[in-house]
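# Fold and contact review
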Amino acid sequence: MTTANLPAHLDPTVRHDMVFLFDVTDGNPNGDPDAGNQPRTDIYTGHGLVTDVAIKRKFRDTLALAAAGHPRYGIFVEAGHALNTRLVESLSATGVERDKDTKKGGKTKAKLTPEQAQAARAWLCDRYADIRLFGAVLSTGETNALGAIRGPLQFGMARSIDPITPTEHAITRVTQTRQEDIDDGERTEMGSKWTVPYALYRVEISYSAARGAQTGVDTKDFELLYQVMEMMFDHDASAARGRMTARGLHVFSHDNTFGNAPAQKLVERIRAVPAGDAEEERSPRCFGDYDVTVDTNDLPAGITYHQVFN
């Protein structure tokens, strides 16, 4: 299928600006290790936060399931795999010889020409979908010459529509960690977990077609992107995270690489507002407590809107 026949939201050769909505019920969407794993919040406003890193982790884990076995959909940042090992593999795969540096304790180093570095970077982009989409720092270990790749798909920080009320729950366990405690007659251990009763989150996402051309993004990448974003919370379910649900992906597509309008003039058209009487005291407890509105009136020339899912 040529790009001329593609639906606009699947075209990797044009710019896209997106809004992704998701919610959590009785769970902790993103604990803060510096605050006893409490749900992340804006300390000034009380709004909940979920980092871009946490969202991309869920995406990586689910993409690995959705595209299992496909050679173009490996995951570079993956638990249990050293990044340096994978970077060195790119040198071997593209025929770069590595020399011993006798002046530095016999460490191996690679002397790369600009052409060799570009070939290794292209190999990594073709093999690892998360590099192709999100970019990566490649200048570690003996691969300093590879530099970094700026990814075309950039996530912002997710922020809740309303302030959240994190709640701590005391829990007990019927066995101990240490045998000595059992011998001393202890029967239970205490612990705690944090949850958010309910929160609807919004995150803005941008796609640069110019950078996508550099990393080799294609239509299949967009198809999997949308499929994974709709289902990734189902495959990341855990008792700690409660019930997390994708509630909508809204895409504004431009008709060229550079774009037809500033992103804020598009993403601000997606709003989640209180359902019912806005004057009433509110304590949202479900998605039905919001109305999601989309203003498609007088879109700038060259812009099309598509709701991928809701």
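Data block above holds the structure.
First, a word on scope: everything that follows refers to the structure included in this document. If you're wondering where the values come from, they're calculated on a predicted model, not measured in any experiment.

## Focus on the layout of surface pockets
Empty space among the atoms becomes apparent when a probe as large as a water molecule is rolled across them. Here the largest pocket defines a volume of roughly 240 Å³. Taken together, 16 residues make up the lining of the largest pocket; nearest its centre are N28, N30, G31, N37 and R241. Broken down by secondary-structure element, the contributors of at least two residues to the lining of the largest pocket are helix 1 (52-66) and strand 12 (189-207). Take the lining of the largest pocket: its biggest share by element is 4 residues, from helix 1. Grouping the constituent residues of the lining of the largest pocket by class yields 4 nonpolar, 6 polar and 6 charged.

## Observations regarding helix 2 (residues 83-93)
Every buried residue belonging to helix 2 is among R86, L87, V88, S90 and L91, and all of these are buried. Where helix 2 ends, the next residue or the one after it, G95, has phi of about 80 degrees, a positive value.

## Some details on the pattern of salt bridges
Side-chain pairs of opposite charge can arise whenever the charged atoms involved come near each other. If you walk through the whole model with that rule in mind, you get 20 salt bridges. E78 is paired through a salt bridge with R86; the nearest N and O atoms lie 2.9 Å apart. Its relative accessible area of 31% is what places E78 among the partly exposed residues.

## Some details on unusual backbone geometry
Non-glycine residue D26 carries a positive phi angle of around 50 degrees. By the secondary structure assignment, D26 is in strand 1 (residues 16-27).

## Considering the packing of aromatic side chains
This structure, assessed with the given rule, holds 11 aromatic pairs. Ring centres of F20 and F22 lie 5.6 Å apart, and the angle between their planes is 40 degrees; this geometry places the pair in the tilted category. As far as the burial class goes, F20 and F22 line up, both buried. A centroid spacing of 5.2 Å and a plane angle of 40 degrees characterise the contact between F22 and F233, whose relative ring orientation is tilted. With a gap of 211 residues between them, F22 in strand 1 and F233 in the loop between helix 7 (219-231) and strand 13 (243-253) connect regions that are remote in the sequence. The same class applies to F22 as to F233, namely buried.

## A short note on the packing of helix 1 against helix 7
Contact geometry for helix 1 and helix 7: axes closest at 9 Å, N-to-C directions at 115 degrees. In terms of their interaxial angle, helix 1 and helix 7 are classed as roughly perpendicular. At the point where helix 1 passes helix 7, the crossing takes the right-handed sense. On helix 7, the residues touching F59, T62, L63 and A66 of helix 1 are L224, L225, V228 and M229.

Procedures and definitions
- Residues numbered from 1 in each chain as written.
- Predicted model: local features only at pLDDT ≥ 70, side-chain atom pairs only at ≥ 80, totals over all residues.
- Heavy atoms only, no water.
- 1 Å grid on protein atoms, 1.4 Å probe; cavity = no way out; pocket = protein on both sides within 12 Å on 5 of 7 lines; lining within 4 Å.
- Points joined across faces, edges and corners; volume = space filled by probe spheres on them.
- Helix = DSSP H or I, 4+ residues; strand = E, 2+ residues; numbered from the N terminus.
- Nonpolar A, V, L, I, M, F, W, Y, C, P; charged D, E, K, R; others polar.
- Buried < 20%, exposed > 50% of the residue type's maximum accessible area, 1.4 Å probe, protein only.
- Salt bridge = Lys/Arg side-chain N within 4 Å of Asp/Glu carboxyl O.
- Phe/Tyr/Trp six-rings, centres within 6.5 Å; stacked < 30°, edge-to-face > 60°.
- Axes fitted to C-alpha atoms, helices over the stretch in contact; angles between N-to-C directions.
- Parallel < 35°, antiparallel > 145°, perpendicular 65-115°, else oblique.
- Left-handed = near helix turned anticlockwise from the far one by under 90°.
- Contact = heavy atoms within 4.5 Å.

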